[in-house]
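Residues per chain, in single letters:
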Amino acid sequence: MHNRTFWRAVSCPAGPYGWPPLVLVAILFFIIGFVTWLNGPLISFVKIAFSLDDISAFLVPFVFYISYFLFAIPAGRIVTKQGLRQSLIYALSIMTAGMIVTGQFMKVPSYPGTLCGFLILGSGLALLQVAVNPYISFLGPVDRAAQRIAIMGICNKVGGILAPVALAAFAMPHVGDLPLVQRNSLLQKQFISTIYWPYIGMAVLLALTTLYIKFSSLPDIKTPFSDNKEINAPMKFNPTLWFGVMAMFLYVGVEVLAGDAIGTYASGFHIPLNISSLFTSATLVCMLCGYLTGLICVPRIFSQERALVLSCFTGSALSLLAYMTHGYLSVACIALLGFSNSMIFPSLFPTVLNSTQNKTSFVSALLVMAYCGGGILPQCFVWLKSIIGFQAAFSTLSCICYFVISLFILCFSKKLHHELLTAK
């Protein structure tokens, strides 16, 4: 009887620790998705509330994602020194502070202070990302890690889908129907309360989650992290690694373009704000569908490497189609990029990670730092669209990104080379 119980424990995704830790980590992934993809619709709201131009409004994702570049290596050192469980507590505490600072400066209102809050929030999220990804990998049996990661990915995307819907429901659902003058007057009075209280509410939720982890029996899993000397030690130039880091930079950039910039893209066709604020959710629904399709088709029908090349091809085709069409059809092509983007990361990350036989923590830190592409590429978009137009700017940037990513996997994926030789 004892052996049968143990076998059931280790054969399920939760492993011998049971389901409570897995459920708690799933909640953390939901929070990551919710907080991350709140930026898309928030750009349009802060643009009106603070009377900003596009470049200033897009400082929201810029500051948020640049925190990955600034805090990735410090976060790795915290995880190495404090362990995974304690790092989760630190990360959630920092995120709680970031939510409070953001809400308070929105109440003032002060846009620089609000950006400072986003920087604090992003730093906590960077630490959470560094800690929670290995935690879920080692939470149960190694052969069931893919199942656990799949569950976490779905929770992450569901959080991202609900975030724009929640913001649209709270933050003046009728703002799109008001004339611009009335809208500015109304926002000065109502935007404070409609945005302030949701942020304070999320801060309370994060604080409660932090306390639960602190006083719960959540296991403190030991992992084979390298020490800090690995990061500081010299490293020979590896073209595969640095090309891969650039590919990751561009991938996160084009993913955020499709999710966060879609509202600004839609405004170019004069689509009302109360409708365009939901387009980020549409992109993430497509991304979730692509994620589920990948679970079914990879590797049964085609490998992850082939899926990446196919995703880059379809992404380029959709980008060009978006340029050649107008209105809701063009916006729909941008939302469908979420489907293409979902198939890229599962192959890109391990290919880069396996490009070197050592310095795993350093490579992981570089890849997390590359997430700053999510802040820089949207800035390039709003700058370029003033020169060549929003459709041409979006299509040009996305096609360049897809080309470089596909070029990386074609040049450096040994598995794909083997498949092509076998096919011949």
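Everything that follows concerns the structure shown earlier in this document.
Let me sum up the structure you'll find in this document. Note that the structure is a prediction, hence the values are computed from the model and not measured.

**A word on unusual backbone geometry**
Excluding glycine, residues mostly have negative phi values, and the peptide bonds linking residues are mostly trans. Between Val108 and Pro109 the backbone carries a cis peptide bond, its omega angle lying at -5°. By the element assignment, Pro109 lies in the loop between α6 (84–107) and α7 (111–137).

**Regarding the nonpolar core**
Counting residues in hydrophobic clusters, the biggest one holds 122 residues, and the most contacted among them are Phe118 and Leu128. Of all the elements, α7 adds the most residues to this core, at 13 residues. The contact partners of Phe118, leaving out residues within four places of it in the chain, are Asn39, Leu42, Val60, Val63, Phe64, Thr102, Met106 and Tyr199.

**Some words on a nonpolar patch on the surface**
On the surface, Trp19, Val23, Ile27 and Ile151 cluster together into a nonpolar patch covering about 340 Å² of accessible area. Examining the composition of the nonpolar patch, we find that three residues originate from one element, helix α2 (residues 19–36), more than from any other. Following the sequence through the fold, Ile151 ends up in helix α8 (residues 145–170).

**Re α2**
With 18 residues, α2 ought to run about 26 Å at 1.5 Å a step, and its terminal C-alpha atoms sit 26 Å apart, in line with that. Counting buried residues in α2 gives 13 out of 18 residues, a clear majority hidden from the surface.

**Some remarks on helix α5 (residues 59–82)**
In this model α5 runs 32 Å from its N-terminal to its C-terminal C-alpha over 24 residues, within 8% of the 34 Å that 1.5 Å per residue would give. Of all the bends found along α5, the most pronounced is centred on Phe71 and spans about 55°, while Pro74, a proline, follows it within four residues. Buried within α5 are the following residues: Val60, Pro61, Val63, Phe64, Tyr65, Ile66, Ser67, Tyr68, Ala72, Ala75 and Val79. Once α5 finishes, Gly83 follows within two positions and takes phi at roughly 90°, a positive value.

**Concerning the packing of α2 against α6**
The geometry of α2 relative to α6 is characterised by a closest axis approach of 13 Å and an angle of 30° between their N-to-C directions. For α2 against α6, the interelement crossing comes out left-handed. Touching Leu28, Ile31 and Val35 of α2 are Leu88, Leu92, Met95 and Met99, all from α6.

**A closer look at the packing of α5 against helix α19 (residues 373–388)**
Relative orientation of the contacting elements α5 and α19 amounts to 155°, with a least axis distance of 7 Å. In terms of axis orientation, α5 runs roughly antiparallel to α19. By crossing handedness, the relation of α5 to α19 is classed as left-handed. Every residue of α19 that contacts α5 at Leu59, Pro61, Phe62 and Tyr65 is listed here: Gly374, Gly375, Ile376 and Gln379. By residue class, the composition of the contact of α5 with α19 is five nonpolar, three polar and no charged.

**What about the pattern of salt bridges?**
Applying the stated rule across the entire model yields two salt bridges. For the salt bridge of Asp54 with Lys47, the shortest nitrogen-to-oxygen distance reads 2.6 Å. When the shortest N-O distance is used, the salt bridge between Lys385 and Asp54 registers 2.7 Å. Within this pair, whereas Lys385 is found in helix α19, its partner Asp54 is found in helix α4 (residues 54–57), the two being separated by 331 residues in sequence. Taking relative accessible area as the criterion, Lys385 reaches 22% and is therefore assigned partly exposed. When salt bridges that share partners are traced, they join Lys47, Asp54 and Lys385 into one network.

**Description of the packing of aromatic side chains**
Taken as a whole, this structure holds 14 aromatic pairs when the rule is applied. Taking 5.1 Å as the distance between ring centres and 80° as the angle between the ring planes, the aromatic pair formed by Tyr265 and Phe390 counts as edge-to-face. In this pair, Tyr265 is assigned in helix α12 (residues 262–267) and Phe390 in helix α20 (residues 390–412), connecting sequence segments 125 residues apart. Just as Tyr265 is buried, Phe390 falls in that class too. Considering the side-chain rings of Phe381 and Phe394, the 5.8 Å spacing of their centres and the 85° angle between planes classify their relative orientation as edge-to-face. You can see Phe381 sitting in helix α19 and its partner Phe394 sitting in helix α20, a full 13 residues away along the chain. With respect to class, Phe381 is no different from Phe394; both count as buried. Through a chain of ring-to-ring contacts, three or more aromatic side chains come together here, namely Phe58, Tyr265, Phe269, Phe381, Phe390 and Phe394.

Quick notes on the rules
- Residues numbered from 1 in each chain as written.
- Predicted model: local features only at pLDDT ≥ 70, side-chain atom pairs only at ≥ 80, totals over all residues.
- Heavy atoms only, no water.
- Helix = DSSP H or I, 4+ residues; strand = E, 2+ residues; numbered from the N terminus.
- Core = buried A, V, L, I, M, F, W, Y, C linked by side-chain atoms within 4.5 Å.
- Buried < 20%, exposed > 50% of the residue type's maximum accessible area, 1.4 Å probe, protein only.
- Contact = heavy atoms within 4.5 Å.
- Patch = residues over 30% accessible without salt bridge, like charges linked within 9 Å, V, L, I, M, F, W, Y side chains within 5 Å.
- Areas by Shrake-Rupley, 256 points an atom, 1.4 Å probe, with all protein chains shown as cover.
- Salt bridge = Lys/Arg side-chain N within 4 Å of Asp/Glu carboxyl O.
- Expected span 1.5 Å × (residues − 1).
- Bend = angle between axes of the 7 residues up to and from the residue.
- Axes fitted to C-alpha atoms, helices over the stretch in contact; angles between N-to-C directions.
- Left-handed = near helix turned anticlockwise from the far one by under 90°.
- Parallel < 35°, antiparallel > 145°, perpendicular 65-115°, else oblique.
- Nonpolar A, V, L, I, M, F, W, Y, C, P; charged D, E, K, R; others polar.
- Phe/Tyr/Trp six-rings, centres within 6.5 Å; stacked < 30°, edge-to-face > 60°.

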